[in-house]
Each structure stands twice: as C-alpha cells, then as structure tokens.
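Structural overview
Listed below are the residues making up each chain.
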Amino acid sequence: MAACASKGGCPSDYVALSIAVVSMILLLLKATLPYLIHKIPRPKGSSFWLVAIQVLASFNLLLSIIALNFLKFRKRHWWRSCYLWAVWIEGPLGFGLLLSCRITQIFQLYYIFVKRRLPPIRSYIFLSLILLPWIASAAFIHIRKPLNYRCHMGTVWIIPVMGLHALYVVALIAFTGAVRHVEFRFHELKDLWRGILVSAASIGIWVAAYVMNEVREDISWLEIASRFLLLVMTSVLVLAFFSFSISQPLISLMSLRKKDHKEYKTMSQALGIHDSGIHLQREPISIIDPDEPLDKLLLNRRFRQSFMEFADSCLAGESVHFYDEVQQFDKIPIQDPVRRIYMARHIIEKYIAAGAPREVNISHRIRQEILSSNDLSHADLFKNTLGELMQLMKLNLAKDYWSSMYFMKLKEEVNMRTVDHELEHASGWNFSPRLSSVHCSDDPFQHEHSPRNSACHSHNSKLQ
Amino acid sequence: MLCVVLENMGLLCSRNKGYNQADDEENTQTADIERRIEQETKADKHIQKLLLLGAGDSGKSTIFKQIKLLFQTGFDEAELKNYIPVIHANVYQTIKVLHDGSKELAQSELEASKYLLSAENKDIGEKLSEIGGRLDYPHLTKDLVQDIEALWKDPAIQETILRGNELQVPDCAHYFMENLQRFSDINYVPSKEDVLFARIRTTGVVEIQFSPVGENKKSGEVYRLFDVGGQRNERRKWIHLFEGVTAVIFCAAISEYDQTLFEDERKNRMMETKELFEWVLKQPCFEKTSFMLFLNKFDIFEQKALKVPLNVCEWFKDYQPVSTGKQEIEHAYEFVKKKFEESYFQCTAPDRVDRVFKIYRTTALDQKLVKKTFKLVDETLRRRNLFEAGLL
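Positions within a chain are numbered from 1, following the residues in the order the chain's sequence is written. Chain letters and ligand numbers both follow the written order, the letters beginning at A and the numbers at 1. pLDDT decides what is reported in this predicted model: residues at 70 or higher carry local features, side-chain atom pairs at 80 or more are listed and counted, and totals for whole chains, interfaces and linings draw on all residues regardless. Values reported for side chains reflect all heavy atoms of the structure, with hydrogen atoms and water molecules removed beforehand.

Under the annotation held in an unreviewed UniProt entry, chain B carries the name Guanine nucleotide-binding protein alpha subunit and is attributed to Nicotiana attenuata. UniProt positions are given in the numbering used here, feature names are shortened, and annotations may be inferred rather than shown by experiment. Under the Cofactor (unreviewed entry) heading, UniProt states for chain B: "Mg(2+)".

**Notes on the overall build of chain B**
Each helix and strand in chain B was counted, giving 15 helices and six strands. Using a 1.4 Å probe on the protein chains alone, a residue whose accessible area is under 20% of its type maximum counts as buried, one over 50% counts as exposed, and one in between counts as partly exposed. For chain B, the residues scored as buried account for 56% of the 392 residues in total. Throughout, a residue-residue contact means that at least one pair of heavy atoms, one from each residue, lies within 4.5 Å. For chain B, contacts bridging at least 24 residues in sequence account for 74% of all contacts bridging at least 6. Note on areas: Shrake-Rupley with a 1.4 Å probe; residue coverage comes only from the protein chains shown. When the accessible surface of chain B is split by element, carbon and sulfur atoms take 52% of a total near 18,600 Å². We count a stretch as a helix when DSSP gives it H or I for four or more residues in a row; a strand needs E for two or more, and each element gets its number in order from the N terminus.

**Section: the overall build of chain A**
In terms of regular secondary structure, chain A is built from 20 helices and zero strands. Evaluated residue by residue, chain A yields a buried proportion of 54% over its 464 residues. Residue pairs in contact within chain A that sit at least 24 positions apart in sequence constitute 71% of those at least 6 positions apart. When the accessible area of chain A is evaluated, it comes to approximately 21,200 Å², of which 62% is carbon and sulfur surface.

**Some points on the nonpolar core**
Residues and elements named next belong to chain A. Among the nonpolar cores identified, the biggest contains 51 residues, and Phe303, Phe307, Phe322, Ile352, Phe382, Met393 and Tyr401 are the most heavily contacted of them. Tallying contributions element by element places helix 15 (residues 337-352) first for this core, with nine residues. If near-sequence neighbours (up to four positions away) are discounted, Met393 is found in contact with Leu294, Leu298, Phe307, Ser319, Val320, Tyr323 and Ala398. In plain words, nonpolar cores are sets of buried Ala, Val, Leu, Ile, Met, Phe, Trp, Tyr and Cys residues tied together by side-chain atoms within 4.5 Å.

**A look at unusual backbone geometry**
Residues and elements named next belong to chain A. With a phi close to 60 degrees, Arg116 is a non-glycine residue in the positive phi region. Within the secondary structure layout, Arg116 lies in the loop between helix 5 (91-115) and helix 6 (123-144). You can call Arg116 partly exposed: its relative accessible area is 28%.

**A few points about the domain arrangement of chain B**
Note: interface size is frequently given as the accessible area lost on complex formation between the parts. All names here are of chain B. Residue ranges assigned to the domains are those given by an automatic or database domain assignment. What the domain assignment reports for chain B is domain 1 (47-74 + 201-384) and domain 2 (76-195). Spacing between the C-alpha centres of domain 1 and domain 2 amounts to 29 Å. The partner domain 2 presents eight residues to the 15 residues of domain 1 that form the contact. When two parts are brought into contact, each loses some accessible area as probed by a 1.4 Å sphere; the total of that loss over both is the buried area. When domain 1 packs against domain 2, the two sides together hide about 950 Å² of surface, and 36% of this comes from carbon and sulfur. One speaks of a salt bridge when a side-chain nitrogen belonging to Lys or Arg is within 4 Å of a carboxyl oxygen belonging to Asp or Glu. Here Glu79 ties to Lys68 by a salt bridge, and the two come within 3.9 Å at their closest N and O atoms. In protein, a polar contact requires one atom able to donate a hydrogen and another able to accept it; more generally it is a pair of N or O atoms within 3.5 Å, and residues adjacent in sequence count only if both atoms are side-chain atoms. Summed over the shared surface of domain 1 and domain 2, the number is six residue pairs in polar contact (both at pLDDT 80 or more). Take the side of domain 1 that touches domain 2: its biggest share by element is three residues, from helix 3 (residues 60-71). Amino acid classes used here: Ala, Val, Leu, Ile, Met, Phe, Trp, Tyr, Cys and Pro are nonpolar; Asp, Glu, Lys and Arg are charged; the rest, including Gly, are polar. Across the side of domain 1 that touches domain 2, the residue classes tally to four nonpolar, four polar and seven charged.

**Here's the deal with a nonpolar patch on the surface**
Residues Val21, Val22, Ile25, Leu26, Leu29, Leu33 and Leu36 of chain A make up a contiguous nonpolar surface patch of roughly 600 Å² in combined accessible area. Topologically, Leu29 of chain A is positioned in helix 2 (residues 11-38). Like charges are joined within 9 Å and nonpolar side chains (Val, Leu, Ile, Met, Phe, Trp, Tyr) within 5 Å, but only among residues with over 30% relative accessible area and no salt bridge; these make up the patches.

**Considerations on the packing of aromatic side chains**
The description of an aromatic ring pair rests on the distance of the ring centres and on the angle between the ring planes. The rule is short: rings of Phe, Tyr and Trp, with Trp giving its six-membered ring, pair when the centres are within 6.5 Å, and they are stacked under 30 degrees, edge-to-face over 60, tilted in between. Scanning all chains against the criterion turns up 50 aromatic pairs over all chains. With a centroid separation of 6.2 Å and 85 degrees between ring planes, the pair formed by Tyr110 of chain A and Tyr111 of chain A is classed as edge-to-face. Looking at Tyr111 of chain A, the relative accessible area reads 16%, which means it is buried. Whether a charge sits over a ring depends on NZ of Lys or CZ of Arg being within 6 Å of the ring centre and within 35 degrees of the ring normal. Stacked on the ring of Phe226 of chain B, the Lys or Arg Lys49 of chain B has its end atom at 5.5 Å from the ring centre.

**Some remarks on the environment of Ser226 of chain A**
Residue and element names in this part refer to chain A. Tracing the backbone shows Ser226 in helix 9 (residues 220-243). Given a relative accessible area of 2%, Ser226 falls into the buried group. Sequence-wise, Ser226 and Ala356 are 130 residues apart; in three dimensions their C-alpha atoms are separated by 49 Å.

**A closer look at the pattern of salt bridges**
Residues and elements named next belong to chain B. As enumerated under the stated definition, the model contains 42 salt bridges over all chains in all. Glu207 is the salt-bridge partner of Arg224, the closest N and O atoms lying 3.3 Å from each other. Here Glu207 lies in strand 2 (residues 205-210) and Arg224 lies in strand 3 (residues 222-228), a separation of 17 residues in the sequence. Residue classification places Glu207 among the buried positions, given a relative accessible area of 14%.

**Structural notes on helix 13 (residues 301-313) of chain A**
Residues and elements named next belong to chain A. By this rule the span expected of a helix is its residue count minus one, scaled by 1.5 Å. Given a rise of 1.5 Å per residue, 13 residues ought to cover 18 Å, and the 18 Å separating the end C-alpha atoms of helix 13 matches this to within 8%. The buried fraction of helix 13 amounts to 10 of the 13 residues, a majority that puts the element mostly inside the structure. The set of residues buried in helix 13 consists of Arg301, Arg302, Phe303, Arg304, Ser306, Phe307, Met308, Phe310, Ala311 and Ser313. The opening residue of helix 13 is Asn300, an N-cap whose side-chain oxygen sits 2.9 Å from the backbone nitrogen of Arg302. Of the residues trailing helix 13, Leu315 is marked for its positive phi of about 55 degrees.

**A look at the UniProt feature "binding site: Mg(2+)" (unreviewed entry) in chain B**
Those places that UniProt annotates as "binding site: Mg(2+)" (unreviewed entry) correspond, in this numbering, to Ser61 and Thr202 of chain B. In terms of the greatest pairwise C-alpha distance, the residues named above, spread along 142 residues, form a tight cluster of at most 7.4 Å across. Tracing the chain through its elements places Ser61 of chain B in helix 3. Apart from residues no more than four positions distant in its own chain, Ser61 of chain B is found in contact with Thr202 and Asp227 of chain B. Dropping the residues within four chain positions of it, Thr202 of chain B is found in contact with Asn361 and Asn396 of chain A together with Ser61, Asp227, Val228, Gly229, Gln231 and Glu234 of chain B. A polar side-chain atom of Thr202 of chain B sits 2.6 Å from a polar atom in the side chain of Ser61 of chain B.

Encoded structure:
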C-alpha cells in the first residue's frame, strides 16, 4: 500500500481515472449531442464560445488534477513542469476559467432580467477582466516558486490560494442571489440553485481533499484516499457544473427535455403565447382589398401567411417574419416583463443585432436605439424598426405581391364575389419583376380560372 | 429562379387536378404547361445572366429602372402613379432626417446656434418629424407642402444639409424639395425623371429580361438582369444568384467617399465598396465572369470633388490635388479609377486574368449615358461570346 501510494497504480487510482475519463466523454456528448441529433444550427456569438470555453476549462481542470497526482515531475521537460500543471492549467485555464465563464453568464442574465437592458460590456471583455486575478496570482506563484518536489505547496500558500477559489464561488452565489426573484420561464433559477448546491458540496469535499493532499504527505492511506476523492469530485463538479442550463431556453427545451415537453417551433410557442403565429388556427376568411394599407392587411393571418411566402420566395422574407414575431411580442402583457424580455432578446438576436441570422434592413440609428435601450420590456421597443420595415415592405414588395402567384392562390382560397373585378384590377399590373411571379397576362391559369372559380372553390372549402 | 415559378405552377396544377371533374381539359392544360416549361428551359440557355451588385445606395436600382425605360415598354401611367407614394415617402423621410439632424447638431456642436430652428418653424418641424415617423403617411396636401417648404428654407436646415454626408440624407433631397409644388397637385403624374430620382431601398431580388437592340429580339442578345439590395444584411442573399453569371455589373458610387454606411455609421462607404468589390472578385463562381465596373454618380462627384478633398477617405489618402476646375475633376476621377483598377488586378488570380474587366463612368440618372454604356456592354459581351465560341 505504501508503495503504490508513492509510485501510483493503486486500484483506487484506476477507478478514479476511469471515472474522470467517463465524465469527460459525458461532458463532450452533452455539449454536442443536441446539435448533432436535432440538427440545431450552431448558436453564434457568446452563447457558443462561452460553452466551448467551459468545456475546455473543465478538460483542463481534470487534466491538471490527473497530472498533479499521477505524473512524475521533472525539471528537464518543460511540459512536465510542476508550475505548468499545478499552477497555470489548474488555475487560470481550469478552475478560474470555468467559474469565470459561469459568472459571465449569470452577469448577462442579471443585466438582462434585473436591469432590463443589454449588458454594457461585451462578454469576452468581462470574461478576461474577471480572469485577470487568476493570471496575476499564477504569475506571482510562478515567480516565487514555493512548490516542493512533489508539487505541493505549504500551508502558508494553501490559504490564499483556496481563498481565491472560494471567492469566485461566493461571487457566483451572490449573482445568483441577485437574480433569484426573477421568475424565469425555463426553470433557469431552479437549475442554477441545483447546480450550485451540487457544486458547492463537491467543492467542499474537493477543497478538503485538496488541502489534505497538499499538507499531509506522510500518511499513505490518506494520500491515496485524498487523491481518489480529489479526482472523483473534480469529475462530478465538472459534470454537474455543465448540466445546469443558463439562458439557453430554446435549445435546452427543444433538445434535452423533448420527452416532457412538446416540441416548440417558435419562441412564442415556447413562451406559451396563445393565439400565436400563423401556424395554428384558421380564422374566417375575409375579403382582401389591395387598396387597404399593408399594415392593416397584415393583421389578417391568412394574408400574412401568403405575403410571407411571397416575400420568402423573393429573398426578402425577414421583414415579414420580424413583423410576425413583434406581433407576438406585443401580445405579451406589459405586466409580465420576464416573458417580454425573453421575446425581446430572441428578436434582437435573430433580427436586429449586426450579423444576426435574419438581420433586417434597418438604419444604424434605429439599431443602436434598440441595442442601447434602457428597458427591454418596453412597449415601443420595436416601434421605429417596425415603421421603417413597413415602409420597406410597402414600397418594395406590396406592389409585386398583387401580381404574384401567391396572391392568385390566396384569392382562389378566399371566395370573393368580386373576383372578376379583382382579376381585371390585377391584370392592370402587367409586369411583376419579382422572381416568383408570373406575368398575369400570360398566366396560363388565369383565363380558364375565372369562370370556373366558384366551382373550384366549393371543392376547396370541402377540403378545408 | 424559374424553378420557384415552375414549382408553384406545379403545385397549383396538381391541386386543381384533385377536385376538377373536367379531366380532359386538365390533361391538355398539363401538357400545355409541360411544353411551356420545355420551351422556357430551351430559351434559357440563350439568355445571358447579368447581376447588378454593389453596396447600398450605389445606384443599382436606378440602372435597373433605366433598363426598364430604355429597352422595355417603360412605365405606363398606372406604373408612374405607383411611384407617388414613394415620392411622398421620400419627401417626408428627407424632411424628418434633416429636422432630427439639425436638432442633434444643435445639441452637440460648438456653434450650436446656427442649427437652431427659428421659433415659428420649430412647431412645424416637430409636426413633420412626427409625420415622418408614422406608419402611414398622409397625402401631400398644399398646406403640408407649404410647411415643408418653410422648413426647408430655414437657415438651420440649409446649414444642416451642408453636413448631409454625416446624416444619411438621400441624394434626391434637393430635387424633390425644389419640385414640391408639383407633387401636391391632385392630378399629379410622376415624370420619368421623378421616377428615376425616387429612392427605394431594395430588399430581396428583382429581375428583368431585356434585349438592348429593342423590339426585334432576333438580332440582339437576350439578357436577364438581376437587381439586389446592397446593405449588409442583403448581401447574404446574393450567393443564391452567383451561378452561371455572364457578367457582373458592379456599381460603385464614387461620390460617397465622405459618407458613412446607412447600416453602420462607423464605416466609410468607399472603404466598404472597396472591400465588397474585392470580395466579389474573389468569388470562385466568377472565375470566367466578366466585370463591368460602373463608377456611378459622376454628377455628384463632379460637384463634390472640388469642395471635399478626396483624401478624407482612407483609401485615397495619398491623393494630391493638382489644379482647379474641370481638370481637377478629371484628375480626381482618374485617380479613383486607378485605385479600382489596382484593386481588381490585386484580387484577380493569375488563372483568371483573361476575364473581361471594363470600367465605365456613369451617371445612372442620365438616360443617354446609360443607353450608350449598355450598348458598349452589350458589344463587349457579344464579342466575348464569339471569342469563347472560337469564332474570333
């Protein structure tokens, strides 16, 4: 027993090692599987790289603990240097980085939901700022070289080092406390507390094991036990830490909990906005009058859907989709700021931010207005944008829509008594330059259709 | 592109089939469509695909409108009247931009007083700015025109328009403000010129088919021209059009060297155009595509070059003015042209050197010039085709 304590190779070491490897694999699976299985597009920006960095940090932390306990340190090889593993990879690149990522995420949540505005500082800047103390202390230790031949530091050093570790845990708990009264939509808070509970407990055991491992070098059973505990708890910590979801409502909903929840196609459905979207219900078909202003017409769900299809076909759909989602945003009562903020943030990420997946064509000023807004739940948050886009749709798309196949199809569905008159009207626009449209005058269907239209429609309505 | 149309046709057709008793009639119809599709794909092979590319507000759509006027039926009265709301919207938007701009300048500038509106115009300004922010603009009445004119003539607004390069004032501002009276007329029908000046930010893709020779399609090439939006968010859609392009007409507004982008006011428009031009040149799809560079908005450039030195733009910072007047304009233009040429040859890999590259000086508003330019473009492309076929 004494031999394997110093040389390594105890059965408990193998168990601990395999647990560490398994937890690493689980971690990787958890991070990538939702994307692979459900084919969700990879998120952009901070929500992607914060998670990626966390995975990396967890990996570093585990690796450093393994190295610390099972690697023979020699001065000759720089990569076997004690300071590389015990100081740099464990601290600034491991534990420090992991906790800093978490704090950054909670900081974002705090700003968005408590302060109701977008964070004033880019998350990568924030992350590097709070990582600075770690880098500084690592550099300090590196210069003072207090580690002994087994890569352990004395009691004098253990206390401040553990203090730094604890400080970040406390900061994490403090931020979580600050957001606790926000009623999150997707159980983020519950997850958060659960995660913190598990990680606080494991950190407790971990710290104890770490301290024992560092201080008591003479008792062999203690050494074996502590290093076993250290590695196992690190694995648990890393896994537990990753498992609680922060601010990724849609992805976690769509992927991880598919069994408990229905699949949500849109943010508004996930938020439980009733009567939402054009996907659900049929409303009584009303007559569509091309002379009415577009903003009135778009309130009609059938018209909106048809118009959306048309806009999509000429690669200009994002404005209509934006309109649709802002309608959902407006439906959330003003007394429910949390849901409004979710929706607002979703809209900003999808349509407003520069480089967003469906970025809309708006001016710099209007974009900045929204991004620097003081209240994300405000009723007029998207008012100016909507105004500008409504103009864009009116001047660009509306005219071409009336001569498109999509309008023809809509009209066919809608039993219009004035059909003959309308067709006359429509064929006045004898040219529609959009990709999707067909010349009205040489539309092969038009002439045959008009006399038969009523008959056709009766079949239509039967099918409906 | 045609696929979309055909798909829809198919959709409509198959759905009808389900509940139409007159099957025979349906069959003939289907056969009809199939024949049409065949014909169209056959015809498609002879059609040359042209793309209008360029940054936002570089004049792509104006060129597009010119083509419609020159080589197609043009605009009939109904179509001209379609532009009334556009023109009215331009007027309201312009006055709002100027009013809000003067307010902002009055707050931030040292010589704030010259941007302060006179007392009687202040209320008018607020009212017009409110209208400019609405979803629906009211009809441009005589009263409104009077208000707008009063505000336009206010020294503060005139002072503001001198700073127009910082404010996203559309190029058509002067023209529209000088013609306000006409627009408020009940029987107003926009002239060709009004239509050309009207500014719509294009979104998505628009296409047109034409033949530069005119009605007699047999003698000339047939072109299909695509117009696109130029703002950053629009550019991601371009890629859908990149296949099988005969020629890219790249519009660069050379008068924009002191302006910032509509979608990002931290970025100089000319720098953006340069980067965009280089990005387009490097596209793998365009290995054999001809490039027609339109150095557009020469009319504005002519006036600006004498007032605003070219070197305010980072790209032109090594520019040295040599003389004055017309000579200086020529010199400035040649300098800009050279810059674009350099950029072209830098971004054209050695294996692509045999693609055609031509630079034209254009003013998209000038119908004669555009016509002449297109004749030249047509000639170049035809010669290129003959060359490709080994006939030359």
